[in-house]
Amino acid sequence: MPGFETCGPNECMVISGCCRSPPLLIPGGRVFVWPYIQRLQKLSLNAIQLIVDSQHVYTKQGVPVTVTGVAQVKVQASNRDMLATACQQFLGKSESVMKNIILQTLEGHQRAIMGTMTVEEIYSDRQKFSTAVFETASADFVSMGIGIISYTLKDIHDDNGYLLALGKARTAEVKRDAAIGEVQAMRDSGIKSARAEQQQLSSKYENDIEVAKAHRDFDLKKAAYDREVNAKKAESDLSFSLQTAKTRQRIEEENVQVKVIERQQAISVQEQEIQRRQRELEASVKKPAEASKYQMKTLAEAEKKRVILEAEAEAESIRVRGEAEAFAIEAKARAEAEQMAKKADAWKEYQDAAMIDMVLETLPKIVAEVTAPLGKAGRVTMVSGGDGEIGAAKMTKEVLEIVNAIPDTVQRLTGVDLSKVIKAR
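Quick summary incoming for the structure in this document. (Residues numbered from 1 in each chain as written. Predicted model: local features only at pLDDT ≥ 70, side-chain atom pairs only at ≥ 80, totals over all residues. Heavy atoms only, no water.)

Below, the discussion takes up the sheet that holds strand β6 (residues 146-157). The strand order across the open sheet formed by 3 strands is β4-β5-β6, and the pairing between neighbours is antiparallel. Each edge of the sheet is formed by a strand with only one pairing partner; in this case those strands are β4 (48-58) and β6. In this sheet, neighbouring strand axes are inclined to one another by 20° on average, regardless of whether the strands run parallel or antiparallel. Both β4 and strand β5 (residues 64-75) contribute to a ladder of 9 bridges, which runs antiparallel. Bridge pairing in β5 places L50 opposite A71. (Pairing = 2+ DSSP bridges. Helix = DSSP H or I, 4+ residues; strand = E, 2+ residues; numbered from the N terminus. Axes fitted to C-alpha atoms, helices over the stretch in contact; angles between N-to-C directions.)

Shown next as structure tokens:
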């Protein structure tokens, strides 16, 4: 299709020109490019292997050595800023030119690290050297848009035999250490043999001790078991005797129980006979007595009711008679009151005449009341001093004196002088 451009994942398309400011970066994919007004360029994203060879570089001690390292680098397409930087640095350059620039830069960092370390450090600790070169170069390559995938120290040698001398010295040291190690190994072997023999004897003695302990424990446990067996046997014998005694005791208890049951049955028979006699007595004596009691109780209750009814009737009769008498008394009182009222009216009209008439009417009653005790006396004994009347004359005189005193009493009570009234008549 005209105008469309594509690239694989190992390339980056850079489109610049009209409407592309800043340029469009497409790592792997497709894009439409306007002819004549836009420009398409491609940048390789392939990994680049570099053989970094530093010849006759003086180390920290001033010894010239040659170091060969292997590195893998590539443009970082995953970071848009580093990809843009790489495009600015290498876009339009060939891969060989780009490779040479990176190689020179990495060799410079390798030489710099070699100058800070001794031959022994580079030779004995290659990981430290590789890490130092990797970290130093990575910080510088970021500004170029390049990322170091890996770096490894491949080889180190010199033309003056320094490393060979180090090897011989190391060989001598190794031989010396080997001889010393052999002697030490023999010594250690003897020590270990002695220790092993000691441990063997200790184990044997410990084993013998354990065997003796086992025998002792066996004897102790056997003695304990024998004591327990004898105790159980004795307990069994005693248990047999005890069981025999218990059996005899249970037989005696059963015999006693049989006697108790027989006694209980006899008592039960007697109780039944007593109950039979009680029922017979109840039928012949208690029941008639209860019937008689019930009859008497019923008659008593009837008599009680009769007395109560009679009393109630008597009380009602008395109440009626009382009401009648009260009515009669009330009527009589009303009549007497009317009579008294009429007498009062007459007294008001006749005054002294009425008063005299009432006194004269009442006087015989007074005399009768005075002489009434004498009429009831069966015998009268009179005592005289010898200078007056005796006998009936004296009694009559005393009665007349009481009667003569009545006018004075009436005069004091009513103010009427009976003597004057009688004389006036």
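Enumeration according to the criterion identifies 11 salt bridges in this entry. Across the pair R306 and E303 runs a salt bridge, and its minimum N-O distance is 2.0 Å. In this pair, R306 and E303 are both assigned in helix α5 (residues 162-350), 3 residues apart and thus about one turn of the helix distant. The salt bridge partner of E316 is R319, with a shortest N-O separation of 2.1 Å. With a gap of 3 residues between them, E316 and R319 both fall in helix α5, about one helical turn apart. Taken together, the shared-partner salt bridges connect E303, R306 and E310 into one network. (Salt bridge = Lys/Arg side-chain N within 4 Å of Asp/Glu carboxyl O.)

A word on the pairing of strand β2 (residues 20-32). Note: strand β1 (residues 4-17) against β2, 9 bridges, orientation antiparallel. Counted as the bridge partner of T6 is R30 from β2. From the end of β1 to the start of β2, which pair antiparallel, there are 2 residues, and C19 there has a positive phi angle of about 65°.

With that settled, the discussion passes to helix α1 (residues 80-90). Among all positions of α1, only M82, L83, A86, C87 and F90 are buried. Projected down its long axis, α1 shows its buried positions confined to an angular sector of 145°, all on one face. Away from its buried face by more than 90 degrees, α1 exposes D81 and Q88. Where α1 is buried, its residues touch β1, β2, β3 (38-44), β5, α2 (95-115) and β6. A side-chain oxygen of the first residue of α1 lies 3.0 Å from the backbone nitrogen of D81; this N-cap is N79. (Buried < 20%, exposed > 50% of the residue type's maximum accessible area, 1.4 Å probe, protein only. Arc of directions from axis to C-beta. Contact = heavy atoms within 4.5 Å. Polar contact = N/O pair within 3.5 Å; in protein donor to acceptor, adjacent residues only side chain to side chain.)

Okay, the sheet that holds β1 next. Spatially, 3 strands are ordered β2-β1-β3 in an open sheet, and the strand pairing comes out antiparallel. The open sheet is flanked by β2 and β3, the only strands paired with a single partner. Neighbouring strand axes in the sheet, compared pairwise and without regard to direction, differ in orientation by 30° on average. Against the sheet, α1 engages β1, β2 and β3, with an angle of about 105° to β2.

Under the defined criterion, the tally for this structure stands at 2 aromatic pairs. Here F4 and F32 contribute two aromatic rings whose centre-to-centre distance is 5.1 Å and whose plane-to-plane angle is 70°, an arrangement assigned as edge-to-face. Here F4 is found in strand β1, whereas its partner F32 is found in strand β2, with 28 residues between them in sequence. Ring geometry for F32 against W34: centres 4.9 Å apart, planes inclined by 85°, an arrangement best described as edge-to-face. The partly exposed category is assigned to F32, whose relative accessible area is 29%. (Phe/Tyr/Trp six-rings, centres within 6.5 Å; stacked < 30°, edge-to-face > 60°.)

In this section: the environment of P64. For P64, the position within the fold is in strand β5. Looking at P64, the relative accessible area reads 17%, which means it is buried. Once you skip the residues sitting within four places of it in the chain, P64 turns out to touch H56, V57, Y58, D158 and N160.

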